[in-house]
2 protein chains.
Amino acid sequence: MIQERLCKLRNSMQAAGMDCYLIPTSDYHDSEYVSSFFMVRKYFSGFTGSAGTLVVTKDEAALFTDGRYFIQAAKELAGTEIKLMKMGEPGVPTISQYLEMVLKEGENLGFDGRVVKADDAKNYEEILSKKHGKIIWDKDLAEEIWEDRPALLHHPVSILEECYSGESASSKIERVREKMKAEGANVHILTSLDDIAWLFNIRGNDVESCPVVLSYVVVTMDEVLLFAKEKEKQSRSEDGSDEIWTKELCQYLEENGIKLCFYEDFYAYVSQIHGKKVLLCKGRANCRLIKELCEDVTVIDRPNPTTLMKAVKNQTEMENLRKAHLWDGAAVTHFMYWLKKNVGKISMTEVSASAYLEGLRETYDHFIEPSFSTICAYGANGAIAHYSAKEDACEEIRPEGMLLVDSGGHYLEGSTDITRTFILGSISKEMKEHFTLVLRALLNLKNARFLHGCRGVNLDIMARQVLWEKGLDYKHGTGHGVGYLLSVHEGPNSFRWKLLPDYQDNAVLEEGMVTTDEPGIYIEGSHGIRLENELLCRKDEANEYGQFMHFEDLTCVPFDLDGVEVSLLTDVDRRNLNAYHKEVFEKLEPYFEGEELEWLREVTREI
Amino acid sequence: MIQERLCKLRNSMQAAGMDCYLIPTSDYHDSEYVSSFFMVRKYFSGFTGSAGTLVVTKDEAALFTDGRYFIQAAKELAGTEIKLMKMGEPGVPTISQYLEMVLKEGENLGFDGRVVKADDAKNYEEILSKKHGKIIWDKDLAEEIWEDRPALLHHPVSILEECYSGESASSKIERVREKMKAEGANVHILTSLDDIAWLFNIRGNDVESCPVVLSYVVVTMDEVLLFAKEKEKQSRSEDGSDEIWTKELCQYLEENGIKLCFYEDFYAYVSQIHGKKVLLCKGRANCRLIKELCEDVTVIDRPNPTTLMKAVKNQTEMENLRKAHLWDGAAVTHFMYWLKKNVGKISMTEVSASAYLEGLRETYDHFIEPSFSTICAYGANGAIAHYSAKEDACEEIRPEGMLLVDSGGHYLEGSTDITRTFILGSISKEMKEHFTLVLRALLNLKNARFLHGCRGVNLDIMARQVLWEKGLDYKHGTGHGVGYLLSVHEGPNSFRWKLLPDYQDNAVLEEGMVTTDEPGIYIEGSHGIRLENELLCRKDEANEYGQFMHFEDLTCVPFDLDGVEVSLLTDVDRRNLNAYHKEVFEKLEPYFEGEELEWLREVTREI
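Residues numbered from 1 in each chain as written. Chains lettered and ligands numbered in written order. Predicted model: local features only at pLDDT ≥ 70, side-chain atom pairs only at ≥ 80, totals over all residues. Heavy atoms only, no water.

(A) Looking closely at the overall build of chain A. When helices and strands are counted, chain A shows 19 helices and 28 strands. Over its C-alpha trace chain A gives a radius of gyration of 25 Å, about what one expects of a compact globule, namely 25 Å for 607 residues. Each principal axis of the C-alpha distribution contributes one length, and for chain A these read about 70 × 55 × 55 Å. Scored against the burial criterion, the 607 residues of chain A give a buried share of 58%. (Helix = DSSP H or I, 4+ residues; strand = E, 2+ residues; numbered from the N terminus. Rg over C-alpha atoms; globule rule 2.2 N^0.38 Å. Buried < 20%, exposed > 50% of the residue type's maximum accessible area, 1.4 Å probe, protein only.)

So this is what it looks like as structure tokens:
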């Protein structure tokens, strides 16, 4: 089947004058998750992972993916002609190096410019120019081949009321315009969906796990255009409203000075902008957008102003987040009770346990959906990064070892992301030591006090040092920013130790930013431990040395004391742990009663 | 007197067509300290501090300096027309902003292009071009005015033998050429004196506290030119050698393929380079050098290859450094004994105590000179940054409070930099708490274990967190790189938390790099505490997580336990402190005997 598809693709390539075709995993908006319409790479390769790029030439095909997916990709590509390129392994070329190798003098490279980042396209273009070939970026070859391709669906859109957002769309638009003025721009083009949803206080459901609206935005000094309406929609009322863009929504947009345009008209609009100074973020823009801009347009390449604005949560958002985390914490703690009381007594699997947890979250009115696919990993599965249990191939949970559960919810009051590792019976001395180290690392970071001006790169070692001392590490960042009823992975704040180019995701930590604190230890074939709280950055004392900052803990779920080797805690660790558990008990008490309340008291006891 | 000098300067400015003249504090080589020939700013302003820029226009004169010198500068400028510009204070313009304010349409700015950095000159040029004025960079107006100006002295030069340097000059030159090839350059111009001294294994005495040789270097693929010989030298032998560039030295240079040229001929040489790709570091080059380059020269602006090479000490240098620190540690520890035994019994001042310490260092054969002016600051003076006691105005040291001593030596086996704060009698509870915090901060950083790839910006918080927890801080970096018989302030490694542009002084910590660990607490008008050890970066275990690194402590002097409030130490602090003191005792024992040895045992006791 794959072979047949590749064959069709090669025919189309030839017809289009392409000697090589590149298919990344992306939508038109550089989204982290993509809807099924965009799963072109999966269609042509059979590889179902969330990250990977397929490169097809006349003679060969290669799939590039990272360490998380080596095993899965090898399995899924077996029997096809597609070579697996294990990115980052010694001797494996990068995509650019591979293109340099396979492209012959004068050959052309094709891709859909809407799903390739402008920066990547620029790199490819340099390679092509050396070989005197060209890039053909205006064709999506899947269009003519993929017969039963899912539609590019536009789902219902809702308004996030000001009691949830804390600031009106028109006020946010004004702030963006101020920033445009400061940068000397008179047009701003915004294509990242979470930025758009935040700016207009609208939410949708066009991307999995992220309640955004497929759309593009252009802001000028006197106009705001939202390209989001579906052209082919049949049933449309006289006033232009349809079942998605209802009368109420249209009125809301009008009130905020937003003009609704057709999603399909965006590139045509962009191509007729003349002589303007356009503020946009090249790092997030797609190749097609840049290509469509006329030569008399000056691009001012800056981070989207909305990126920093939406990361700094306002008073309303902070207050709401506290509520969301209380509900979410109660749900996860009820789950912990159920899990620890019933393991070994009733049948449970990774999948059924996830479902039980989701059910608990659903009991709250304002819960909308999980904020990402739950990772529920038993025993050795806990050591597999991004493990995803499948109904037909998942582990039975038994009264021994550990269960790692990384999950979260979208609420009207914000999004949550929490990980706990639960002890289900006897665990080895090493496991207990590892659990204690991970807990110490988490506590150490969350209790940090620092001067304003610090970035994640300064603070990361507060967590990691505890593991580094023992020659251990985790191969992921210590934490990422979290959106408000938006993406659970949101910049520009994070905790990581490696400096990335352009200070990327390494913003100064400001009051109102939410960042996860999630160290871990993963021993392949044995066990995986991760603990994760969300930290809200707050102002502390200001004195002659500057403005001090600290973290307020949003997450409200006990750490499983059955995993703690008390003798390995320092006095400070113990004080911090006891203080947290005291707070957790006080906050969760109203949500528990009877035997369950007694249990809560016990699991949050002082040690 | 100052007024008369300024008057002459204004006459010269007019004659040279300059409406404004700028005098920074620098030599032709961007050195940290400058010899008396270069003290032009001091000559025209009367301000003696080590940092400051004088700007003179037809109508006014302004001196820009930083917080360390506000009090001193105000005093020294009193009675002159020169306005003090307190850099960094609210409402005070930067030099560039000031130039924008005072320069009128079409006016010209003058300076000696050899003492202004290329980067700064570029900024000034942008201002001038806006005002349609020009920069006159080829005149040093002091030449004609300053009658008794000290000569630009060239001192004797010596060869640093390979038993000290660990690598021949020719081998180092080859490494530089490899780097040139990798960068696509065929010429490399080097003007920073410590880089030159390191590259050729030569040492001199042309700059205070830094044993370097006034010179410029040009490396091509088949030539190495050292511009260092004095043209006006009278007594010269037939073979071209003189009392500085002796026959032996000339032979050494020849053996290493180095051609000796006249110091004065450098800019003329540079101006006739044609069509080459020149590797140089713009951030360290002076304006004149860049101006003299022809238009057909392509500048490849990179850090000087020698900067990273010399920071990574080789096996021989590491072994020598251990020796130097042992001798240096013994000297400082003998000083500690003398100080604590004699305070209140014999008369001592900040100046006499410094002299006593220098005398102790001088007893060692291979001691050359102090590596910087000793800071010996009693009581409240300890809180003054860069305090320098003067013979005629220094504090008597009494048996109470604390004495901060920051000093170091140049030895054939390397340079040292160490700070100890000594307790001389009763101190307040707050002082003791502060002393203990500073000690904890130092211990915390020096015992860090980290993955290769970490930079100072990742590690700084290991020291600072201890103070930040208490709402305290020190307004300087936690540490700087240290040269080998070169500058005690050497890049590209350091410990600091603020990210500087271009990753400046923020190199990945490599095995062989030496960095100081020197936290402090300074309470104005009361006390100052700083403790400083030098840390040698070493490889530790390598495993599946990567290459772990740790620090080897070079410094070998007890911390004054009289300042330690043991109840404020954690178990880990106590373990680290005891381990250090055990090592200090074992290493220093051979240098002590009798009563002094017993004292050493006591001050390095386990607590």
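(B) Region of interest: the packing of aromatic side chains. Taken as a whole and judged by the stated rule, the model has 48 aromatic pairs over all chains. On the numbers, 5.7 Å between centres and 85 degrees between planes, the contact of Phe495(A) with Phe551(A) is edge-to-face. Here Phe495(A), found in strand 23 (residues 490–495), pairs with Phe551(A), found in strand 28 (residues 546–553); they are 56 residues apart in sequence, far enough to count as distant. Residue Phe495(A) is classed as buried on the basis of its relative accessible area of 0%. We classify Phe551(A) as buried; its relative accessible area is 8%. Their ring planes at 70 degrees and their centres at 5.5 Å tell us that Phe367(B) and Tyr411(B) sit as a pair that is edge-to-face. Taken together, the positions of Phe367(B) in strand 15 (residues 367–370) and Tyr411(B) in strand 18 (residues 409–411) put the pair 44 residues apart, joining distant regions of the chain. (Phe/Tyr/Trp six-rings, centres within 6.5 Å; stacked < 30°, edge-to-face > 60°.)

(C) Local environment of the sheet that holds strand 12 (residues 259–262) of chain B. All names here are of chain B. On the basis of which strands lie adjacent, the open sheet formed by six strands has the order 12-11-10-8-13-14 and mixed pairing. Among the strands making up the open sheet, the edge pair consists of strand 12 and strand 14 (298–301). For this sheet, the mean angle separating the axes of adjacent strands, direction not counted, is 25 degrees. Strand direction decides the pairing type here: strand 8 (residues 187–190) and strand 10 (residues 216–220), joined by four bridges, are antiparallel. If you follow Val187 over to strand 10, its bridge partner there is Thr220. Against the sheet, helix 8 (residues 169–183) engages strand 8, strand 10, strand 11 (224–229), strand 13 (277–280) and strand 14, with an angle of about 65 degrees to strand 10. (Pairing = 2+ DSSP bridges. Axes fitted to C-alpha atoms, helices over the stretch in contact; angles between N-to-C directions. Contact = heavy atoms within 4.5 Å.)

(D) Quick look at the sheet that holds strand 16 (residues 375–378) of chain B. Residue and element names in this part refer to chain B. Pairing is antiparallel across the open sheet formed by three strands, whose spatial order is 16-17-20. Pairing within the sheet leaves two strands with one partner each, and these edge strands are strand 16 and strand 20 (418–423). Adjacent strand axes in the sheet meet at a mean angle of 10 degrees, parallel and antiparallel pairs treated alike. Where strand 16 meets strand 17 (residues 402–407), four bridges bridge the pair, whose relative direction is antiparallel. Counted as the bridge partner of Cys376 is Val405 from strand 17.

(E) Seen up close, the state of the cysteines. All names here are of chain B. Overall, the coordinates contain zero disulfides over all chains when judged by the stated rule. Cys20 takes part in no disulfide bond, and the closest cysteine sulfur to it belongs to Cys287, at a distance of 15 Å. Residue Cys20 is classed as buried on the basis of its relative accessible area of 0%. The cysteine Cys294 is free of any disulfide, with Cys287 supplying the nearest cysteine sulfur at 16 Å. (Disulfide = S-S within 2.5 Å.)

(F) Just the interface of chain A and chain B, in detail. In this complex, chain A contributes 35 residues to the contact, which on the side of chain B involves 35 residues. Taken over both partners, the interface formed by chain A and chain B buries close to 2,800 Å², and the fraction arising from carbon and sulfur atoms is 61%. Where chain A packs against chain B, one counts zero salt bridges. Taken together, the connections running from chain A to chain B amount to 14 residue pairs in polar contact (both at pLDDT 80 or more). Broken down by secondary-structure element, the contributors of at least two residues to the side of chain A that touches chain B are strand 21 (449–451), helix 17 (456–468), strand 25 (520–523) and strand 27 (533–543) of chain A. Residues belonging to the side of chain A that touches chain B are distributed by class as follows: 19 nonpolar, eight polar and eight charged. (Buried area = accessible area lost by both parts, 1.4 Å probe. Salt bridge = Lys/Arg side-chain N within 4 Å of Asp/Glu carboxyl O. Polar contact = N/O pair within 3.5 Å; in protein donor to acceptor, adjacent residues only side chain to side chain. Nonpolar A, V, L, I, M, F, W, Y, C, P; charged D, E, K, R; others polar.)

(G) Here's a closer look at the side chain of Asp473(A). Examined against the element boundaries, Asp473(A) turns out to sit in the loop between helix 17 and strand 22 (479–481). A polar contact is formed between the side chain of Asp473(A) and the side chain of Arg464(A), at a distance of 3.1 Å. Polar contacts involving the side chain of Asp473(A) include one to the side chain of Trp468(A), which spans 3.0 Å. Not counting the four nearest positions on each side in its chain, Asp473(A) is found in contact with Arg464(A), Leu467(A), Trp468(A), Gly520(A), Leu451(B) and Tyr545(B).

(H) Representation of the relation of the copies chain A and chain B within the structure. At an RMSD of 0.1 Å, chain A and chain B line up after a rotation of 180 degrees and a shift of 0.1 Å along the axis. Classification of the inter-copy transformation places it as that of a two-fold axis. Closest approach to the rotation axis among the C-alpha atoms of chain A is made by Asn458(A), whose C-alpha sits 2.4 Å away. When the interface residues of chain A are mapped onto chain B, 100% of them again fall at the interface, so both copies present the same face. (Least-squares fit on C-alpha atoms with pLDDT ≥ 70 in both.)

(I) Region of the structure containing the environment of Val488(A). In this fold, Val488(A) is placed in the loop between strand 22 and strand 23. C-alpha of Val488(A) to C-alpha of Val466(A): the two residues are 22 residues apart in sequence and 26 Å apart in space.

(J) Up close: the environment of Pro90(A). Its place among the elements puts Pro90(A) in the loop between strand 4 (83–86) and helix 4 (95–102). A relative accessible area of 77% means that Pro90(A) is categorised as exposed.

(K) Inspection of the nonpolar core at higher detail. Judged by nonpolar contacts, the single largest core of 177 residues is most densely connected at Phe450(A), Leu459(A), Phe450(B), Leu459(B) and Phe551(B). With near-sequence residues (within four places) excluded, Leu459(A) lies in contact with Leu445(A), Ala448(A), Phe450(A), Phe495(A), Leu509(A), Phe551(A) and Ile461(B). Counting 80 residues, the second largest nonpolar core, distinct from the first, contains Val34(B), Leu226(B), Val278(B) and Cys294(B). (Core = buried A, V, L, I, M, F, W, Y, C linked by side-chain atoms within 4.5 Å.)

(L) Region of the structure containing the pairing of strand 20 (residues 418–423) of chain A. All names here are of chain A. Most of strand 20 sits inside the fold, with six of its six residues counted as buried. Two strands pair when backbone bridges link them, and strand 17 (residues 402–407) and strand 20 are joined in this way by six bridges, in the antiparallel orientation. Pairing of Ser407 across the sheet is with Ile418, part of strand 20.

(M) Geometry of the side chain of His434(A). Its place among the elements puts His434(A) in helix 16 (residues 429–446). Among residues more than four places away in sequence, those in contact with His434(A) are Leu472(A), Ile521(A), Ile523(A), His527(A) and Ile529(A).

(N) Just the pattern of salt bridges, in detail. Residues and elements named next belong to chain B. What the rule picks out here adds up to 87 salt bridges over all chains. Between Asp195 and Arg284 there is a salt bridge, with the nearest N and O atoms lying 3.8 Å from each other. Pair noted here: Asp195 is in helix 9 (residues 193–200) and Arg284 is in the loop between strand 13 and helix 12 (287–292), with a separation of 89 residues, a long-range link. The buried category is assigned to Asp195, whose relative accessible area is 0%. With a relative accessible area of 24%, Arg284 lands in the partly exposed category. Residue Lys231 pairs with Asp265 through a salt bridge whose shortest N-O separation is 2.5 Å. Taken together, the residues Lys231 in the loop between strand 11 and helix 10 (247–255) and Asp265 in the loop between strand 12 and helix 11 (266–271) connect sequence positions 34 residues apart.

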